[in-house]
Amino acid sequence: MTKGSNARRERRRRTREIEIDPDSLSKVFVEHYYSTFDTNRSGLANLYQDSSMLTFEGQKIQGSQNIVAKLTSLPFQQCKHIITTVDCQPSGPAGGMLVFVSGNLQLAGEQHALRFSQMFHLMPTPQGSFYVYNDIFRLNYA
């Protein structure tokens, strides 16, 4: 083995570790999800599948199209999510991941932010990425 091939192998190994590290993956997912939600909610469609389910303030919605229809029909157009915590755990032998998020939701024109919690159950795809299998969202009232 040459020094160059050992270095390449080590880079590939480190890349795989980053790809499967739940903490790193959950942070990347959360940044992508809320950035997309805040700027282009319809862009969230590719994160869900027909088997996906969203429970939004107690209302259950199934399927990517229905979930995006719900999210794009919310009574506000502009918002900003400010994330406070992200916790994650590996979930099951299929390589899933539970991601729990808490934070504040600042609506345009509103003085006070709303506190929220959201839980995602991410499942791997055959292509090596993840999709949202379950999504539960709740506003947290004091």
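The structure under discussion appears in the preceding block.
Please read these numbers as outputs of a predicted model, since none were measured by experiment.

Novice: A description of the environment of Asn 40 should follow, citing residues and the corresponding values.
Specialist: Summarising the element assignment, Asn 40 is placed in the loop between helix 2 (22–39) and strand 1 (48–56). Owing to a relative accessible area of 40%, Asn 40 belongs among the partly exposed residues under this scheme. Sequence-wise, Asn 40 and Thr 72 are 32 residues apart; in three dimensions their C-alpha atoms are separated by 8.9 Å. Polar side-chain contacts of Asn 40 include one of 2.9 Å to the side chain of Ser 42.

Novice: Tell me what's going on with the sheet that holds strand 1, and back it up with residues and numbers.
Specialist: One open sheet accounts for six strands, arranged 2-1-6-5-4-3; its pairing is mixed. Of all the strands in the sheet, the pair left with one neighbour each is strand 2 (59–62) and strand 3 (79–91). Across the sheet, the axes of successive neighbouring strands diverge by a mean angle of 15 degrees, strand direction being ignored. In terms of strand pairing, strand 4 (residues 96–107) meets strand 5 (residues 114–124) through nine bridges, oriented antiparallel. Residue Ser 102 lies in a different strand from strand 5, and its bridge partner there is Ser 117. Against the sheet, helix 2 engages strand 1, strand 3, strand 4, strand 5 and strand 6 (130–140), with an angle of about 150 degrees to strand 3. Along the sheet face, helix 3 (residues 64–72) touches strand 1 and strand 2 and points at about 40 degrees away from the line of strand 1.

Novice: Go over the packing of aromatic side chains with me, naming the residues and quoting the values.
Specialist: Enumeration over the complete set of coordinates arrives at ten aromatic pairs. Geometrically, the ring pair formed by Tyr 34 and Phe 116 is tilted, given 5.8 Å between the ring centres and 55 degrees between the ring planes. Taken together, the residues span a long stretch of sequence, with Tyr 34 in helix 2 and Phe 116 in strand 5 at a distance of 82 residues. Judged by relative accessible area, Phe 116 falls into the buried class, the value being 0%. Here Tyr 34 and Phe 120 contribute two aromatic rings whose centre-to-centre distance is 6.3 Å and whose plane-to-plane angle is 65 degrees, an arrangement assigned as edge-to-face. Here Tyr 34 is found in helix 2, whereas its partner Phe 120 is found in strand 5, with 86 residues between them in sequence. Each member of the pair Tyr 34 and Phe 120 is classed as buried. Pairwise contacts between aromatic rings join Phe 29, Tyr 33, Tyr 34, Phe 37, Phe 56, Phe 116, Phe 120 and Phe 137 into one cluster.

Novice: Describe the side chain of Thr 125, and please don't skip the residues or the numbers.
Specialist: Locating Thr 125 in the fold gives a position in the loop between strand 5 and strand 6. Classification of Thr 125 as buried rests on a relative accessible area of 14%. The contacts of Thr 125, once residues within four sequence positions are left out, are Gln 49, Phe 130 and Tyr 131.

Novice: Hey, could you go over helix 2 for me, with residue numbers and the actual values?
Specialist: With 18 residues, helix 2 extends 26 Å from end C-alpha to end C-alpha; this agrees with the ideal 26 Å at 1.5 Å per step. Taken as a whole, helix 2 has its buried residues at Ser 26, Phe 29, Val 30, Tyr 33, Tyr 34, Thr 36, Phe 37 and Asp 38.

Novice: Tell me about the pairing of strand 2, residues and numbers included.
Specialist: The sheet contact formed by strand 1 and strand 2 spans four bridges and is antiparallel. Bridge assignment links Phe 56 to a residue of strand 2, and that residue is Gln 59. Once strand 1 ends, the chain turns through two residues before running back antiparallel as strand 2, passing Glu 57 with a positive phi of about 50 degrees.

What counts and how
- Residue indices follow the written sequence of each chain, beginning from 1 at its first position.
- Residue-level local features of this predicted model are given only where pLDDT is at least 70; pairs of side-chain atoms are given and counted only at 80 or more, and the full residue set underlies all totals for whole chains, interfaces and linings.
- The side-chain numbers reported here are obtained from all heavy atoms of the structure, hydrogens and water having been left aside.
- Every helix listed is a DSSP run of H or I at least four residues long, and every strand listed is a run of E at least two residues long, numbered separately from the N terminus.
- Exposure is judged per residue with a 1.4 Å probe applied to protein chains only, and the accessible area is read against the type maximum: over 50% gives exposed, under 20% gives buried, and values in between give partly exposed.
- Think of a polar contact as two N or O atoms within 3.5 Å of one another; within protein, one of them needs to be a possible hydrogen donor and the other a possible acceptor, and neighboring residues in sequence only count if both atoms come from side chains.
- Two strands pair if DSSP finds at least two bridges between them.
- Comment: axis = line fitted to C-alpha atoms, over the contacting stretch for helices; angle = value between 0 and 180 degrees taken between N-to-C directions.
- In what follows, residue pairs with any heavy atoms lying within 4.5 Å of each other are defined as contacts.
- Paired rings are identified among Phe, Tyr and Trp, the last through its six-membered ring, by centres lying within 6.5 Å, and are further divided according to the angle between planes into stacked (under 30 degrees), edge-to-face (over 60) and tilted (the rest).
- Multiply 1.5 Å by the residue count of a helix minus one, and that product is the helix's expected span.

In short, shape yes, function no, at least from these values alone.
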